[in-house]
Amino acid sequence: MMSTSSEDETQRPSTSNSVKKNQVQGRMTAVMKKLRVQSHEIGEDCNCKLKCFEKVSAEERSSIIRQFNDLEDWNQQSLHLTGLITIIPVYRRRSRKNEDEAQFRECNFNYRVRVKREDIVHEISICRKAFMAVHGITRRRLMTLQKCMKSGVSPRDGRGQHGNRPWKIKEEVGKAIYDHINSFKGRSSDYSNEKTKKLYLPEELSVKKMYEMFKKKYQNLVISYETYRTVFNTKFNIAFGYPRSDTCSACDKYTAEMKVLNARLSENNLDGDMKKQVLEEINKITYNNKIHKLKAETFYTRKRNARLRSRKSEETEAICMAYQKKLCLPNISTNDVYYRRQLSVYSFNIHQLSDETSVFYTYTEDIGRKGANEVVSFLNHFVTEIMDKKVRHLEIFCDSCSGQNKNYTVLRYLNYLVNELKLLDTVEVTFPIRGHSYMECDKNMRLINTKAVAEVPMDWVRIVVQARCKPKPFDVVLVNQDMIGSWESFLQQKYWRKCPFLTRPIREAIITKEHPRLIQHRDTYNGAWISSVLRASLRIREQQSEEYPCPAYRGPLVISKEKYQDLQILKEFCGHEARVFYTNLPH
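About the thresholds
Residues numbered from 1 in each chain as written. Predicted model: local features only at pLDDT ≥ 70, side-chain atom pairs only at ≥ 80, totals over all residues. Heavy atoms only, no water. Helix = DSSP H or I, 4+ residues; strand = E, 2+ residues; numbered from the N terminus. Contact = heavy atoms within 4.5 Å. Areas by Shrake-Rupley, 256 points an atom, 1.4 Å probe, with all protein chains shown as cover. Salt bridge = Lys/Arg side-chain N within 4 Å of Asp/Glu carboxyl O. Buried < 20%, exposed > 50% of the residue type's maximum accessible area, 1.4 Å probe, protein only. Phe/Tyr/Trp six-rings, centres within 6.5 Å; stacked < 30°, edge-to-face > 60°. Lys NZ or Arg CZ within 6 Å of the ring centre and 35° of its normal. Patch = residues over 30% accessible without salt bridge, like charges linked within 9 Å, V, L, I, M, F, W, Y side chains within 5 Å. Pairing = 2+ DSSP bridges. Axes fitted to C-alpha atoms, helices over the stretch in contact; angles between N-to-C directions. Arc of directions from axis to C-beta. 1 Å grid on protein atoms, 1.4 Å probe; cavity = no way out; pocket = protein on both sides within 12 Å on 5 of 7 lines; lining within 4 Å. Points joined across faces, edges and corners; volume = space filled by probe spheres on them. Nonpolar A, V, L, I, M, F, W, Y, C, P; charged D, E, K, R; others polar. Core = buried A, V, L, I, M, F, W, Y, C linked by side-chain atoms within 4.5 Å. pLDDT = per-residue confidence, 0-100. Parallel < 35°, antiparallel > 145°, perpendicular 65-115°, else oblique. Disulfide = S-S within 2.5 Å.

Caption draft 1: Quick peek at the overall build of the chain. Secondary structure summary: the chain contains 19 helices and 15 strands in total. In the chain, 72% of the contacts between residues at least 6 apart in sequence involve partners at least 24 apart. Put simply, the chain shows about 33,900 Å² of open surface, and 49% of that area lies on carbon and sulfur atoms.

Caption draft 2: The pattern of salt bridges, seen in detail. All told, the structure shown has 20 salt bridges when counted by the stated rule. Residue Arg112 pairs with Glu123 through a salt bridge whose shortest N-O separation is 2.8 Å. With Arg112 in strand E2 (residues 108-117) and Glu123 in strand E3 (residues 120-126), this residue pair connects regions lying 11 residues apart in the sequence. Classification of Arg112 as buried rests on a relative accessible area of 14%. Residue class for Glu123 comes out partly exposed when judged on its relative accessible area of 45%. Sharing partners across several salt bridges, the network here consists of Arg112, Arg114 and Glu123.

Caption draft 3: The packing of aromatic side chains, seen in detail. For the structure shown, the criterion picks out 17 aromatic pairs. Ring geometry for Tyr346 versus Tyr363: centroids 5.6 Å apart, planes at 70 degrees, classification edge-to-face. With Tyr346 in strand E8 (residues 343-352) and Tyr363 in strand E9 (residues 358-364), this residue pair connects regions lying 17 residues apart in the sequence. Both residues of the pair, Tyr346 and Tyr363, belong to the buried class. Taking 5.1 Å as the distance between ring centres and 75 degrees as the angle between the ring planes, the aromatic pair formed by Tyr413 and Trp487 counts as edge-to-face. In this pair, Tyr413 is assigned in helix H13 (residues 408-419) and Trp487 in helix H16 (residues 487-492), connecting sequence segments 74 residues apart. You'll find Tyr413 and Trp487 in the same group, each marked buried. Within the aromatic cluster, the residues linked to one another by ring pairs are Tyr323, Tyr346, Phe348, Tyr361, Tyr363 and Phe378. Its guanidinium or amino end placed over the ring of Phe431, Lys406 lies 5.0 Å from that ring's centre, counting from NZ or CZ. In this structure, Arg535 is placed above the aromatic ring of Trp496, and the distance from its NZ or CZ to the ring centre is 4.2 Å.

Caption draft 4: Here's a closer look at unusual backbone geometry. Geometrically, the link from Leu329 to Pro330 is a cis peptide bond, its omega value of -10 degrees lying close to zero. If you trace the backbone, Pro330 turns up in the loop between strand E7 (327-329) and E8. With an omega of 0 degrees, the peptide bond between Lys470 and Pro471 qualifies as cis. Positive phi outside glycine occurs at Glu118, with the angle close to 55 degrees. Tracing the sequence through the fold places Glu118 in the loop between E2 and E3. Located in the positive-phi region is Glu356, a residue other than glycine, with phi close to 65 degrees.

Caption draft 5: Structural context of a nonpolar patch on the surface. On the surface, a nonpolar cluster with roughly 250 Å² of combined accessible area is contributed by Val31, Met32 and Leu35. Within the secondary structure layout, Met32 lies in helix H1 (residues 27-37).

Caption draft 6: Spatial organisation of the sheet that holds strand E1 (residues 85-88). If you walk across this open sheet you meet the three strands as E1-E2-E3, and the pairing is antiparallel. Of all the strands in the sheet, just E1 and E3 have a single pairing partner and so form its edges. The sheet shows a mean angle of 35 degrees between the axes of neighbouring strands, taken without regard to direction. The pairing of E2 with E3 spans seven bridges and is classified as antiparallel. Looking at E3, one finds that Val115 is bridged to His122.

Caption draft 7: Structural context of helix H8 (residues 207-217). Within H8, burial applies to Val207, Met210, Tyr211, Met213 and Phe214. The arc that holds the buried residues of H8, viewed along the axis, is 160 degrees, so those residues lie on one side. Those residues of H8 that are buried are in contact with helix H7 (171-182), strand E4 (199-201), helix H9 (225-235) and strand E5 (238-240).

Caption draft 8: Summary view of empty space enclosed by the protein. Enumeration over the complete set of coordinates arrives at two cavities of 30 Å³ or more. Taken as a whole, the second largest cavity encloses approximately 40 Å³ of empty space. Class assignment for the residues of the lining of the second largest cavity results in five nonpolar, three polar and no charged.

Caption draft 9: Highlighting the pairing of strand E14 (residues 518-522). Pairing of strand E13 (residues 508-512) with E14, which is carried by three bridges, proceeds in the antiparallel orientation. By the bridge assignment for E14, Ala509 is matched with His521. Bridge analysis of E14 against strand E15 (residues 530-533) gives four bridges, and the strand direction is antiparallel. Within the sheet, the bridge partner assigned to Leu518 lies in E15 and is Val533.

Caption draft 10: Spotlight on the nonpolar core. In terms of nonpolar packing, the biggest core is built from 49 residues, with Tyr361, Leu379, Ile396, Tyr413 and Leu414 touching the most fellow members. The element contributing the most residues to this core is H13, with eight residues. Residues contacting Tyr361, with those up to four places away along its chain left out, are Tyr346, Ser347, Phe348, Ile350, Phe378, His381, Phe382, Ile386, Val477, Val479 and Met483. In terms of nonpolar packing, the next biggest core, distinct from the first, is built from 46 residues, Val207, Met210, Tyr211 and Val231 among them.

Caption draft 11: Looking closely at the confidence of the model for the chain. Model confidence for the chain is summarised by a mean pLDDT of 82, while 88% of its residues fall at 70 or above. Here residues 1-25 is modelled with pLDDT under 50, and outside its nearest four sequence neighbours on either side it reaches 62 contacts, counting other chains as well. Segment residues 190-195: pLDDT under 50, and six contacts once partners within four positions in sequence are set aside and those in other chains are kept.

Caption draft 12: Quick peek at the packing of helix H4 (residues 74-82) against helix H6 (residues 139-151). For the pair H4 and H6, interaxial distance at closest approach is 11 Å and the crossing angle is 70 degrees. With respect to each other, H4 and H6 are oriented roughly perpendicular. In this structure, H4 contributes Trp74, Gln77, Ser78, Leu81 and Thr82 to the contact, and H6 contributes Arg141, Leu145 and Met149. Its residues assigned to classes, the contact of H4 with H6 shows four nonpolar, three polar and one charged.

Caption draft 13: Representation of the environment of Leu424 within the structure. In this structure, Leu424 sits in the loop between H13 and strand E11 (426-430). Remark: the alpha-carbon pair of Leu424 and Val391, spanning 33 residues in sequence, is separated by 7.1 Å.

Caption draft 14: Molecular detail of the state of the cysteines. Going through the model one piece at a time under the given rule, you end up with zero disulfides. Between Cys401, a free cysteine, and Cys398, which holds the nearest cysteine sulfur, the sulfur-to-sulfur gap is 9.8 Å.

Caption draft 15: Region of the structure containing the pairing of E13. In terms of burial, E13 is a largely internal element, five of the five residues being buried. By the alternation rule, side chains of E13 split into Glu508, Ile510 and Thr512 and Ala509 and Ile511, which are all buried. Judged from the five bridges that link them, E11 and E13 form a sheet pairing that is antiparallel. Residue pairing in the sheet places Glu428 in a bridge with Ile510 of E13. In sequence, E13 turns back onto E14 through a hairpin of five residues.

So, in structure tokens, the structure goes:
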């Protein structure tokens, strides 16, 4: 279906010719059918000589009808009923007519119900009228079951299974709907698991709007909204809006396990030992979840304390940094934008906790990527050009994305910042618990109107600057390729290529000028510190290292041919400046 850059081509299931057409009443038909299956009620007393309603108490009858209604569909209910009916031979025939005219029964039927008394299941024989009353079924349905049992065929619901479908969706109509939905360009989650094929369309879209756009595009085809919606739900895995990728998997797992354990605890057949075991499991996972949340809260506590320290001392500063939600160009209101690939706009935000100053480093995908070189380049620009020169102690709070913030390149740069450039005395980095990384950068992004009209990168700059007034407007740096240095290659000339410790588990790291070649780190917020030595590279020993990193890219990054072609179509809805910009894009 849809993607933004390298995922432009996505495999889709082939269009099926057996799409079931809903009736005119729409989805209420299916709802009512399910209600009829699960809304049987107990009938009147049979008043027979067997005293059936006295054999089966009112509580037992209520239990029987409740279990019967819990069965999913007509077929399962019929199989359950046939298991309670037994075919028996005819013992005596007493016809009032001659044998030539009389119609003799082929067989008789015996009816029973199952009840549980003192943990023992009993089968109680009842009459036909009581059997229908206890299960809330009609005489016609009972006769259908008897007919199936005599013929030896399993009872199956034949409604809707016939082949006479004059209103079946035609092949060309189904293909038109499929191609129209497939033409929308969306994106996958930046953080979600790669195993999922789910894609996301803009939040302002809906199935209803897509159906209206289909009618305008295919005016010669007459289809209902329900038909369009059926193809959308059965042939595609699409959602609207951007996914919540920062939900905590540990908290989600805890919630799911608690539901299962509470359901088991409510069962009546649990003995004392099993109930005690379930309670122990509940206490165990509750304790583990409490510890997990305390660890997550520690990150926010550290950040609050850092904010207070930065406001009390001019020599201390605390910042949060993170990449923001991806923006698109051109961001216009025409419907064609949903069918075309757009140019990605990246934004890296550094937020000062001392005075709420916030800087956005903004650039398009032809300028750079979203890697460690970009993060170090922006952080270096912030420290050397924007941050107060009086600051000697810097505290950094950022997420644990290994390709951007939590890697050996960033840690080597921080050591280089303290011990080579000597701009700071100490640098401390704190990483959050996964799923609990909500920071001021996320609050800043929510202030930006992502639905505003933007045709060129400067439009997004203007929108970001105007997004906040208090305490001060956002600062925006429009990034060019000269700002992005090849820091990874540069630092390899000064430090050993391989990191002496695993970066993924660490929660905190500290670099100080007192220990030039040491990084102190720990995997917990309150555990013991571990010191690792950053060995010098062989090049630094031979005095062959460079003084400053060279540019990371030697020229503009080309975009795909398909995206360029889509942008040439979209530029027709933009002004002269935007048309020149999109025409000159490298591809």
